[in-house]
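An overview of the molecular structure
Here is what each chain is made of, one letter per residue.
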Amino acid sequence: MQTLLGTVLRPQSPTDCQILSGMTLRIGKDGRIAELSSAHTAAKDVVGGQDRWILPGFIDAHLHLPQWDRRGIDGLNLHDWHKRVIYPAEARFRDADFAEKLAEQFVSGMIANGTTTAVSFGSPFAAATDRAFAVFARRGFRAVHGMVLNDQQVPDEIRQDADKAIDEARQLAAHWHGAEGGRLSYAFSPRSPICCSEKLMRAAAALSQMLRCYLQTNVAESLAEETAIRDAFPESVDDLEIYAEMGMLTSRTLLGHGVFLTRQQRDQVARAGTTLVHCPTANLFMESGMMDYVAHRSAGIRVALGSSIAAGPDPFMPRVAIEAIQTAKALKVHAIPRRSYPVPTPAEAWWALTRGAAEALGMTNRIGNLDVGFEADCLVVKPEPWIAQLPPQQQASALLYTLGPDQIEHVFIAGKRVGPQ
Ligand SMILES: [Zn+2]
């Protein structure tokens, strides 16, 4: 039994972020929140205090584990960056011992940044992916993860044989999907329509349906890629049409980026119930473009946020959320004529970082919120003290823009303290 004290931040909806001061949050033996009340506690095992805040853990819905130690390498276009930085980085994962070491660093990094759930692409090697899952299990981390799939248009060192990769991915999914009391999930992870044969994409779609796993990939990320896709698939209009054709557009699918989706495509994604993962820091870092968050949300698409490491340099999810707001502001003020649409508020940012992302992942009523019955994925942080003196409606905003990873004192996943130290 563990008791936390502090001001509780509870994103209820995109428009309602509750802030409850002087709260006691009790975690039960089953790792779930057993009590949330303003009652005074005489419990012994207490963390937090008057000046501490308790937040739901952050959910990073798109990033790449093998690229953890390749963040912030600027100055290359998407194609050259893959060739010179990313593919060589992923090739290192042929060595499973190395893979395990980097997975440990990855988990430490995630926890230090308050991320309690990561949806990540793995390397193209089955043994390395298996080791990563074993690290997640041992460290108590919550993850949706999968071996990246690519059987063409990538260097020999990381190119898979389609049949072998399908078989390996199926075995990994059978072993890890739903493991650790549901804390671990498998995601079939085709890299892109350029790097995957039709056979590989169809198999990934079929297996993810059959085994009820996730399916994750990238969509409409850059103009150069869109052109390459048109050259490779002259009969198809775009990558979204290819995904639909391969059976990849489902409610268990997560599409990263989506910078260049048209209005019709956004409607198609919404109809399929597919989640779009907005990666605003990566989209700007790689000079891909600015995704229109407001247009996606108003099309009815479920949107989560992703650091897209290492295309995005920053693992701290509140900064990704800030960039989502800033990108929406830039799109608004630079439109001709200037648009009048409502940019996402800090309340919506908190929601997208936590409860909204949980909904997008089909984990509604399990994580993302601090309420009785939810699995206790939460952070105890020590923000700057003046924030508590602001009018309540300003507190969520000030906290979003000023919180830093060094203010995180405790990280709990499924009720177990996992860090930061
Ligand atoms: Zn990506």
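Reading the values: rules and limits
Residues numbered from 1 in each chain as written. Predicted model: local features only at pLDDT ≥ 70, side-chain atom pairs only at ≥ 80, totals over all residues. Pairing = 2+ DSSP bridges. Helix = DSSP H or I, 4+ residues; strand = E, 2+ residues; numbered from the N terminus. Axes fitted to C-alpha atoms, helices over the stretch in contact; angles between N-to-C directions. Parallel < 35°, antiparallel > 145°, perpendicular 65-115°, else oblique. Left-handed = near helix turned anticlockwise from the far one by under 90°. Contact = placed C-beta atoms within 7 Å. Nonpolar A, V, L, I, M, F, W, Y, C, P; charged D, E, K, R; others polar. Domains from an automatic or database assignment. Core = buried A, V, L, I, M, F, W, Y, C linked by C-beta atoms within 7 Å. Buried ≥ 20, exposed ≤ 12 C-beta atoms within 10 Å, placed from the backbone. Right-handed = clockwise from strand over helix to strand, strands pointing away. Expected span 1.5 Å × (residues − 1).

Pairing is mixed in the open sheet, where seven strands are placed in the order E3-E2-E1-E4-E14-E15-E16. Strand pairing shows two members of the sheet lacking a second neighbour, strand E3 (33–37) and strand E16 (416–419), which therefore form its edges. Taking the axes of each pair of neighbouring strands and ignoring which way they run, one obtains an average angle of 40 degrees across the sheet. As paired strands, strand E1 (residues 2–13) and strand E2 (residues 16–27) are joined by ten bridges and run antiparallel to one another. Across the sheet, Gln2 pairs through a bridge with Ile27, a residue of E2.

Okay, the packing of helix H12 (residues 317–334) against helix H13 (residues 346–353) next. Interhelical geometry of H12 versus H13 gives an angle of 135 degrees and a closest axis separation of 10 Å. Between H12 and H13, the crossing angle belongs to the class labelled oblique. Remark: the crossing between H12 and H13 carries right-handed chirality. For the pair H12 and H13, the contacting residues are Met317, Pro318, Ala321, Ala324 and Ile325 in the first and Ala349, Ala352 and Leu353 in the second. Of the residues in the contact of H12 with H13, the class split is eight nonpolar, no polar and no charged.

A word on the domain arrangement of the protein chain. Taken as a whole, the protein chain is organised into domain 1 (2–56 + 366–419) and domain 2 (58–334). Using C-alpha coordinates to define each centre, domain 1 is positioned 30 Å away from domain 2. Residue-level contacts link 15 residues of domain 1 with 16 residues of domain 2. Mapped by element, the contributors of at least two residues to the side of domain 1 that touches domain 2 are helix H15 (392–402), strand E15 (408–413) and E16. By residue class, the composition of the side of domain 1 that touches domain 2 is eleven nonpolar, two polar and two charged.

Attention shifts here to the nonpolar core. The biggest cluster of nonpolar side chains holds 129 residues, and the ones touching the most others in it are Ala61, Ala304, Leu305, Ala321, Leu353 and Ala357. Ranked by the residues each element gives to this core, the list is headed by helix H2 (residues 96–112), at seven residues. Among the domains, domain 1 (2–56 + 366–419) and domain 2 (58–334) are the pair contributing at least three residues each to this core.

Here the residue pair Ile309 and Ala310 is connected by a cis peptide bond, since its omega of 10 degrees sits within 30 degrees of zero. Note the cis peptide between Gly419 and Pro420, where omega equals 5 degrees. Positionally, Pro420 belongs in the segment after E16. Despite not being glycine, Ser308 has its phi angle at roughly 50 degrees, a positive value. On the secondary structure map, Ser308 appears in the loop between strand E13 (302–305) and H12. Judged by C-beta crowding, with 31 C-beta atoms within 10 Å, Ser308 ranks as buried. The backbone phi angle of Ala414 is positive, close to 50 degrees, even though this residue is not glycine.

Of all seven residues that make up strand E6 (residues 115–121), seven are buried, and the element is covered over most of its length. Summarising the sheet, strand E5 (residues 58–64) and E6 pair through five bridges and their orientation is parallel. Opposite His64, over in E6, you have Phe121 as the bridge partner. The pairing of E6 with strand E7 (residues 142–146) spans five bridges and is classified as parallel. For Ala118, the partnering residue across the bridge sits in E7 and is Ala143. Crossover handedness for the path E6 to helix H3 (residues 126–139) to E7: right-handed.

Now for helix H6 (residues 198–210). Here H6 is 13 residues long and its end C-alpha atoms lie 18 Å apart, about the 18 Å a rise of 1.5 Å per residue gives. What H6 keeps buried is the set Leu200, Met201, Ala203, Ala204, Ala205 and Ser208. Residues of H6 that are buried make contact with strand E8 (148–149), helix H4 (162–176), strand E9 (184–190) and strand E10 (214–219). A positive phi of about 55 degrees marks Arg212, the residue just after H6.

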